[in-house]
Each structure stands twice: as C-alpha cells, then as structure tokens.
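One-letter residues, chain by chain:
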Amino acid sequence: MNHVVGPMNLGTLIVGPRKHVVALADLDDTAAAELGPLLRDTARVVETLCRPEQTYVCMWSHGRDARKHLHIAVQPVTTEVRARYGGLRSEQLQARMLADGDEPDTTDVEQFCERARVLFRAITDSS
C-alpha cells in the first residue's frame, strides 16, 4: 500500500499485489483471501483520518496500450473535494482530477502517511 503518486487528493491510498498481476481474476487464493481484509482496513484508515463524505474503492490496471499492473484506489471524497471539482462524483470526479493535474503537497503526503502507518498498525494489531 502506498499513497497515490499523481493528481488525486490527499489521503488516496493505492493497494496493489506484491507480485505482478494485471487483473483480479489472476490473484492466487492466498492473495484473494488477503485482499478483502486489507481493503477494509485501508478504508478504515482513510475514513478515520479524512472523515470523508464517501470513500471510493476502484480498480485500475491500464497501461498505455494494455493492462499494466493491478492497482486498487481507496479514495476519500470529502465535501471540500467535491466542491473544488464542481460537485462531480465517481468516475467524472476522478477523470477531472487526473486531467487537471493538481497533486497534493509532498510534505502533506508524508505527514498523512506517517499518521496512516500508526493507525494501520493499531487496526491490524487489534484484528
């Protein structure tokens, strides 16, 4: 898991398999069994730290001309984020963010990630 690199809002985390996989259908049984709890815990971290109106979870695998690598975005969408992008939601919101190219400040991302690491450890230790 990493914070998204690129033009998405602060707090958007990317979950991806350690091994090269381009589709959910390609996950082995172990990875598939780990994915649900990992996505749940990632959403808990995002929801706790960002207090979003909604948390989007979506899969991306596109490269330039073919599937590249499986990434699952866990994105906090706050009222502030929607307002900044004219009230857009869902894929329209994400498309506008990607097109606009606005990236969160590196220092803000680093601070978010440190808080997320601490919270993620606490969540997984209590499970």
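Residues numbered from 1 in each chain as written. Predicted model: local features only at pLDDT ≥ 70, side-chain atom pairs only at ≥ 80, totals over all residues. Heavy atoms only, no water.

### Section: the layout of surface pockets
Right, on to step 1. Of the pockets and cavities examined, the largest pocket occupies roughly 1000 Å³.
Right, on to step 2. Lining the largest pocket are 34 residues, with Met1, Val15, Gly16, Pro17 and Arg18 positioned closest to its centre.
Right, on to step 3. With 6 residues, helix α1 (residues 29-50) is the largest single contributor of residues to the lining of the largest pocket.
Right, on to step 4. Looking at side-chain class alone, the lining of the largest pocket contains 19 nonpolar, 9 polar and 6 charged residues. (1 Å grid on protein atoms, 1.4 Å probe; cavity = no way out; pocket = protein on both sides within 12 Å on 5 of 7 lines; lining within 4 Å. Points joined across faces, edges and corners; volume = space filled by probe spheres on them. Helix = DSSP H or I, 4+ residues; strand = E, 2+ residues; numbered from the N terminus. Nonpolar A, V, L, I, M, F, W, Y, C, P; charged D, E, K, R; others polar.)

### Quick word on the environment of Ala122
Right, on to step 1. For Ala122, the position within the fold is in helix α4 (residues 106-126).
Right, on to step 2. Along the sequence, Ala122 and Val45 sit 77 residues apart, while their C-alpha atoms lie 9.9 Å from each other.

### Quick look at unusual backbone geometry
Right, on to step 1. The residue Arg51 is not glycine, and still its phi comes out positive at about 50 degrees.
Right, on to step 2. If you trace the backbone, Arg51 turns up in the loop between α1 and β3 (54-62).
Right, on to step 3. A positive phi angle, near 55 degrees, is found at Ser90, a position not held by glycine.
Right, on to step 4. As for its placement among the helices and strands, Ser90 is situated in helix α3 (residues 90-100).
Right, on to step 5. On the basis of relative accessibility, which here comes to 33%, the residue Ser90 falls in the partly exposed class. (Buried < 20%, exposed > 50% of the residue type's maximum accessible area, 1.4 Å probe, protein only.)

### Quick notes on α4
Right, on to step 1. Helix length check: α4, at 21 residues, gives a terminal C-alpha distance of 30 Å against a target of 30 Å (1.5 Å per residue), a fit within 8%.
Right, on to step 2. Of all the positions in α4, only Val109, Phe112, Cys113, Ala116, Leu119, Phe120 and Ile123 are classed as buried. On an axial view of α4, the arc spanned by its buried residues comes to 145 degrees, and they lie on one face. Residues Glu110 and Asp125 are exposed on α4 and point more than 90 degrees away from its buried face.
Right, on to step 3. If you follow the buried residues of α4, they end up packed against β1 (2-3), β2 (13-15) and α1. (Expected span 1.5 Å × (residues − 1). Arc of directions from axis to C-beta. Contact = heavy atoms within 4.5 Å.)

By themselves, these observations are geometric and do not establish any function.
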